[in-house]
Amino acid sequence: QVQLVESGGGLVQPGGSLRLSCAASGRIGSIYAMGWYRQDPGKRREPVATITSGGTTNYADSVKGRFTISRDNAKNTVYLQMNSLKPEDTAVYYCIADIDRGWGTRNDYWGQGTQVTVSS
């Protein structure tokens with residue numbers, strides 16, 4: 001079994017910062033791409049940022065220059081540093097990881113989500 005556990009969400013004022021973390025645990029062979037998605041109620045889940053095992057990153061246009069994704073492969077953890085937060089960044093943030101559990105089959109695993117609210 002594989003678990004992704006997120007932390008770091010909360011309430012922040014516009015212009016503020018938050019850092020999300022997501023740690024993968026369980027029977028893990030290799031972790032390939034990791035990333036973050038977000039979802040507002042009534043809207044579809046959208047990608048925010050992704051990072052490959054080699055460190056190549058990709059960002060949604062709406063967060064470029066404000067958010068930074070990184071990972072610690074030794075800790076099976078991905079991070080999302082969010083700066084200059086705006087009210088429109090309010091959403092539930094989910095992490096995702098492409099994991100091979102050790103027998104050659106890769107699957108996407110999701111975290112449970114963490115709420116980020118940007119409001120004054």
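The following paragraphs examine the structure supplied in this document.

Criteria and thresholds
Residues numbered from 1 in each chain as written. Predicted model: local features only at pLDDT ≥ 70, side-chain atom pairs only at ≥ 80, totals over all residues. Heavy atoms only, no water. Salt bridge = Lys/Arg side-chain N within 4 Å of Asp/Glu carboxyl O. Helix = DSSP H or I, 4+ residues; strand = E, 2+ residues; numbered from the N terminus. Buried < 20%, exposed > 50% of the residue type's maximum accessible area, 1.4 Å probe, protein only. Disulfide = S-S within 2.5 Å. Pairing = 2+ DSSP bridges. Core = buried A, V, L, I, M, F, W, Y, C linked by side-chain atoms within 4.5 Å. Axes fitted to C-alpha atoms, helices over the stretch in contact; angles between N-to-C directions.

This part is about the pattern of salt bridges. Going through the model one piece at a time under the given rule, you end up with six salt bridges. D89 is paired through a salt bridge with R38; the nearest N and O atoms lie 3.0 Å apart. With a gap of 51 residues between them, D89 in the loop between β8 (77-82) and β9 (91-100) and R38 in strand β4 (residues 30-39) connect regions that are remote in the sequence. With a relative accessible area of 1%, D89 lands in the buried category. When the shortest N-O distance is used, the salt bridge between D40 and K43 registers 4.0 Å. D40 sits in the partly exposed class, given a relative accessible area of 25%. Classification of K43 by relative accessible area gives exposed; the value is 54%. One salt-bridge network, held together by shared partners, links R38, E46, R66 and D89.

Looking now at the state of the cysteines. Evaluation of the coordinates by the stated rule reveals one disulfide. Across a sulfur-sulfur distance of 1.9 Å, C22 and C95 are joined as a disulfide pair. What sets the handedness of the C22 and C95 disulfide is the S-S torsion sign, and at about 40° it is right-handed. Of this pair, C22 sits in strand β3 (residues 18-26) while C95 sits in strand β9, and the two are 73 residues apart along the sequence. By relative accessible area, which is 1% here, C22 ends up buried. By relative accessible area, C95 is classed as buried at 0%.

Each regular strand carries side chains that alternate between the two faces of the sheet. Burial along strand β11 (residues 114-118) is one-sided: T114, V116 and V118 are buried, while Q115 and T117, pointing the other way, are not. Examined bridge by bridge, strand β2 (residues 10-12) and β11 share three bridges and lie parallel to one another. By the bridge assignment for β11, V12 is matched with V118. In this structure, β9 lies alongside β11, joined through three bridges in antiparallel fashion. From the neighbouring strand, V92 faces β11, where its bridge partner is Q115.

In this structure, W36, L80, M82 and Y93 are the most contacted members of the largest nonpolar core, which totals 29 residues. Elements represented by at least two residues in this core include exactly β1 (2-7), β3, β4, β5 (46-51), β7 (67-72), β8, β9 and β11. Considering every element that reaches this core, the biggest residue donor is β9, with five residues.

This brings us to the sheet that holds β1. With antiparallel pairing, four strands are arranged side by side in an open sheet as β1-β3-β8-β7. The two strands at the open ends of the sheet, each matched to only one other strand, are β1 and β7. On average, each strand axis in the sheet is tilted by 15° relative to the strand beside it, whichever way the strands run. Bridging between β1 and β3 involves six bridges; their strand directions are antiparallel. Note that in β3 the partner of L4 across the bridge is A24.

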